[in-house]
Amino acid sequence: MGFDEKIHNMSQRVAGRAEEVAGKVTHNERWEREGRARVAAVDEDEARQRAKDVAKAQEATGHISHDERLRLERRDDA
């Protein structure tokens, strides 16, 4: 995961938490749900990126082939 992706994810996480808190303070359930959904999307994206990093490391150490890594990444993107 690149630095720009980390910054983007961090900003989305902060925005999601802020939206969730604003929803709680104003009793706006839609904002709360949208904030939680934004944070969940960031969590999912980070997990997908970590899995890709692990696959690249496994390829580098010879545990899986290049083709296998690409196949795993395509499956994660689906």
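Residues numbered from 1 in each chain as written. Predicted model: local features only at pLDDT ≥ 70, side-chain atom pairs only at ≥ 80, totals over all residues. Heavy atoms only, no water.

Engineer: Could you give me a rundown of the environment of Lys24, with the residues and numbers involved?
Structural biologist: In this structure, Lys24 sits in helix α1 (residues 3–26). Classification of Lys24 by relative accessible area gives partly exposed; the value is 47%. It is 17 Å that separates the C-alpha atoms of Lys24 and Arg13, two residues lying 11 residues apart in sequence. (Helix = DSSP H or I, 4+ residues; strand = E, 2+ residues; numbered from the N terminus. Buried < 20%, exposed > 50% of the residue type's maximum accessible area, 1.4 Å probe, protein only.)

Engineer: Just give me the short version of helix α2 (residues 29–60), but keep the residues and values in it.
Structural biologist: In this model α2 runs 47 Å from its N-terminal to its C-terminal C-alpha over 32 residues, within 8% of the 46 Å that 1.5 Å per residue would give. Turning to α2, its buried residues are Glu32, Gly35, Val39, Val42, Glu46, Gln49, Lys52 and Ala55. A positive phi of about 85 degrees marks Gly62, the residue just after α2. (Expected span 1.5 Å × (residues − 1).)

Engineer: Report on the confidence of the model for the protein chain, specifying residues and quantitative values.
Structural biologist: Averaged over the protein chain, the pLDDT score is 90; the fraction of residues at 70 or greater is 95%. Looking at the elements of the protein chain, mean pLDDT is at its lowest for helix α3 (residues 66–77), recorded as 77, and at its highest for α1, recorded as 95. (pLDDT = per-residue confidence, 0-100.)

Engineer: Outline the packing of α1 against α2, supporting the account with residue identities and numerical values.
Structural biologist: Viewed as axis vectors pointing N to C, α1 and α2 meet at an angle of 160 degrees, and their least axial separation amounts to 7 Å. Comparing the axis directions of α1 and α2 gives the class roughly antiparallel. α2 is crossed by α1, and the crossing has left-handed handedness. Here the residues of the contact of α1 with α2 are counted per class, giving five nonpolar, seven polar and 13 charged. (Axes fitted to C-alpha atoms, helices over the stretch in contact; angles between N-to-C directions. Parallel < 35°, antiparallel > 145°, perpendicular 65-115°, else oblique. Left-handed = near helix turned anticlockwise from the far one by under 90°. Nonpolar A, V, L, I, M, F, W, Y, C, P; charged D, E, K, R; others polar.)

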